[in-house]
Amino acid sequence: MIHVIKFTLLPIMFTPFPFPASVQLIPFYFVFDSIESGYIGSAYWQNFILLFPLGVFSPLLFRRLRNLKLTILTAFFVSTSIETIQLIMSLTIGSNRTFNVDDIILNTSGAIIGYFIYKILIITLRKFKNSYLLNKFDFGL
């Protein structure tokens, strides 16, 4: 969580005159624009990876989130909250952050892939039913 805050909200740059808020609501606009120009920025991969751990670890930590739909809703809520905070910061203190729907889509997609990695991990661990980890922790098996 500390890294999510570090990468999405920090550093906070105060400017004397707030920039006009940048809001991008067209899905995949920047992604397709980047592909057409032949450049896919690292920001897209970083956004994809940002909530990947949420998809892996939230089902491990919370029984209720062992449901794909709830994991998707949680990731969507977290990602939308981050983007909204960035928009508020841009409007109030001029932090030059943007609200980008592509970030929400990529963050949520990363969490979904993380959830499927969790499921693969569970299937693998089921093969070792007598293992120490299975006896010590409840992984939803």
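Now for a quick tour of the structure. Predicted model only: the values in this text are computed from it and were never measured.

**A few points about helix α4 (residues 52-61)**
Item 1. The complete set of buried residues in α4 reads Gly55, Val56, Ser58, Pro59 and Leu60.
Item 2. Lining the buried residues of α4 we find α5 (68-92) and α6 (101-126).

**Quick notes on the packing of aromatic side chains**
Item 1. Overall, the coordinates contain 2 aromatic pairs when judged by the stated rule.
Item 2. Measuring from centroid to centroid gives 6.0 Å for Tyr115 and Phe116, while their planes differ by 70°, and the two rings are edge-to-face.
Item 3. Their ring planes at 45° and their centres at 5.8 Å tell us that Tyr115 and Tyr118 sit as a pair that is tilted. Note that Tyr115 and Tyr118 are positioned in helix α6 at a spacing of 3 residues, about one turn of the helix.
Item 4. You can call Tyr118 buried: its relative accessible area is 3%.

**What about the packing of α4 against α5?**
Item 1. The geometry of α4 relative to α5 is characterised by a closest axis approach of 10 Å and an angle of 130° between their N-to-C directions. Taken together, the axes of α4 and α5 are oblique relative to one another. In this structure, the crossing between α4 and α5 has a hand that is right-handed. Contact with α4, carried on its side by Leu54, Gly55, Ser58 and Pro59, involves Thr71, Thr74 and Ala75 of α5 and no other residues of that element.
Item 2. Across the contact of α4 with α5, the residue classes break down as 3 nonpolar, 4 polar and no charged.

Calculation notes
- Residues numbered from 1 in each chain as written.
- Predicted model: local features only at pLDDT ≥ 70, side-chain atom pairs only at ≥ 80, totals over all residues.
- Heavy atoms only, no water.
- Buried < 20%, exposed > 50% of the residue type's maximum accessible area, 1.4 Å probe, protein only.
- Helix = DSSP H or I, 4+ residues; strand = E, 2+ residues; numbered from the N terminus.
- Contact = heavy atoms within 4.5 Å.
- Phe/Tyr/Trp six-rings, centres within 6.5 Å; stacked < 30°, edge-to-face > 60°.
- Axes fitted to C-alpha atoms, helices over the stretch in contact; angles between N-to-C directions.
- Parallel < 35°, antiparallel > 145°, perpendicular 65-115°, else oblique.
- Left-handed = near helix turned anticlockwise from the far one by under 90°.
- Nonpolar A, V, L, I, M, F, W, Y, C, P; charged D, E, K, R; others polar.

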